[in-house]
Amino acid sequence: YLNKAIAVDPQSVDAYQARADRLLKDHVYDKAYADYLALGKLGAHTPKYYSDLAALAERLGKHEQAVVACTAILKTDPKNLQALILRTSALVAMGKFQNALSECAVILGQSPNNSQGIYLRGRCEEAMGNKISAMSDYTTAINLDKKNANAYLSRGNYYLQQKDWI
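These figures come from a predicted structure and were not determined experimentally. (Residues numbered from 1 in each chain as written. Predicted model: local features only at pLDDT ≥ 70, side-chain atom pairs only at ≥ 80, totals over all residues. Heavy atoms only, no water.)

Chemist: It is not clear to me how the overall build of the protein chain should be interpreted in this structure. Could you clarify?
Modeler: When its secondary structure is counted, the protein chain shows ten helices and zero strands. Mapped in sequence order, the helices and strands of the protein chain form the string α-α-α-α-α-α-α-α-α-α. Considering only C-alpha atoms, the protein chain reaches an extent of 60 × 30 × 25 Å along its principal axes. Looking at the protein chain as a whole, 41% of its 166 residues are labelled buried. In the protein chain, of all internal contacts separated by at least 6 residues, the share reaching a separation of at least 24 is 40%. Element-wise, carbon and sulfur atoms account for 53% of the exposed surface of the protein chain, whose accessible area totals about 9300 Å². Charge centroids of the protein chain, computed over 20 positive and 16 negative side chains, lie 2 Å from each other. (Helix = DSSP H or I, 4+ residues; strand = E, 2+ residues; numbered from the N terminus. Buried < 20%, exposed > 50% of the residue type's maximum accessible area, 1.4 Å probe, protein only. Contact = heavy atoms within 4.5 Å. Areas by Shrake-Rupley, 256 points an atom, 1.4 Å probe, with all protein chains shown as cover. Lys, Arg positive; Asp, Glu negative; His and termini not counted. Charge placed at Lys NZ, Arg CZ, Asp CG, Glu CD.)

Here's what the structure looks like:
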């Protein structure tokens, strides 16, 4: 019925939003992303639009688009921790470690015990050759959030590289 609604009215923001929401629920991320791009062309520039677009872009490896969407969120809500973390994650994935490290400082300024922010700082430190600082951050991130799988993975990869199988 949603495809039919879009076929009948290709300018219907509500129809595209409903279909994108359904595709997200069904984990069909590439098609949901396409619908979000269509929503953008139709002018649906709401906080939900940018938030969903950023998350989808990052999930699909479209890091530059994630940064753009998060930046749009942060223009109207500069303390949006989720957008800061997602933008920082995208910057790390793009290899922009110095920029990401600056973002980590903002995250940790707002939320000093944010496990994800500490983990991302560790990723930057490791990439910039500061292995001891990175390991400390990974351990701290794990201690703050036992479910931070990325911190466990990064710490484990470091141990493997050092042939330290603890």
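Chemist: Can you walk me through helix α7 (residues 97-110) in this structure?
Modeler: Each α-helix winds once per 3.6 residues, and so residues spaced three or four apart point in a common direction. For α7, with 14 residues, the first-to-last C-alpha span of 20 Å sits near the 20 Å given by 1.5 Å per residue. Regarding α7, the residues found buried are A100, L101, E103, C104, I107 and L108. One side of α7 carries all its buried residues, which in axial view fall inside an arc of 160 degrees. Facing away from the buried side of α7, by more than 90 degrees, are the exposed residues Q98, A105 and G109. Check the buried side of α7 and you find it contacts α6 (81-93) and α8 (115-127). (Expected span 1.5 Å × (residues − 1). Arc of directions from axis to C-beta.)

Chemist: How should the pattern of salt bridges be read in this particular structure?
Modeler: Pairing is possible between side chains that carry opposite charge, provided their charged atoms lie close to one another. Under the defined criterion, the tally for this structure stands at six salt bridges. A salt bridge links D26 to R22, with the shortest nitrogen-to-oxygen separation between them at 3.2 Å. What makes D26 partly exposed here is its relative accessible area of 38%. Judged by relative accessible area, R22 falls into the partly exposed class, the value being 41%. Of the charged contacts, one joins K48 and D52 as a salt bridge, the two residues approaching to 2.4 Å between their closest N and O atoms. Here the residue K48 and the residue D52 both occupy positions in helix α4 (residues 47-59), the gap between them amounting to four residues, near one helical turn. Linked by salt bridges that have partners in common, D21, K48 and D52 make up one network. (Salt bridge = Lys/Arg side-chain N within 4 Å of Asp/Glu carboxyl O.)

Chemist: Any chance you could explain the packing of aromatic side chains here in plain terms?
Modeler: Aromatic ring pairs are described here by two measures, namely the spacing of the ring centres and the angle between the planes. In this structure the tally under the stated criterion is four aromatic pairs. Arranged with centres 6.0 Å apart and planes meeting at 35 degrees, the rings of Y119 and Y138 form a pair that is tilted. Taken together, the positions of Y119 in helix α8 and Y138 in helix α9 (residues 131-144) put the pair 19 residues apart, joining distant regions of the chain. For the pair formed by Y119 and Y138, the shared burial category is buried. (Phe/Tyr/Trp six-rings, centres within 6.5 Å; stacked < 30°, edge-to-face > 60°.)

Chemist: So what exactly am I meant to see when it comes to the confidence of the model for the protein chain here?
Modeler: Atom-level detail of predicted coordinates should not be read off regions where pLDDT is low. Per-residue confidence for the protein chain gives a mean pLDDT of 92, with 98% of residues at or over 70. For the protein chain, the element scoring lowest by mean pLDDT is helix α1 (residues 2-8), at 81; α7 scores highest, at 98. (pLDDT = per-residue confidence, 0-100.)

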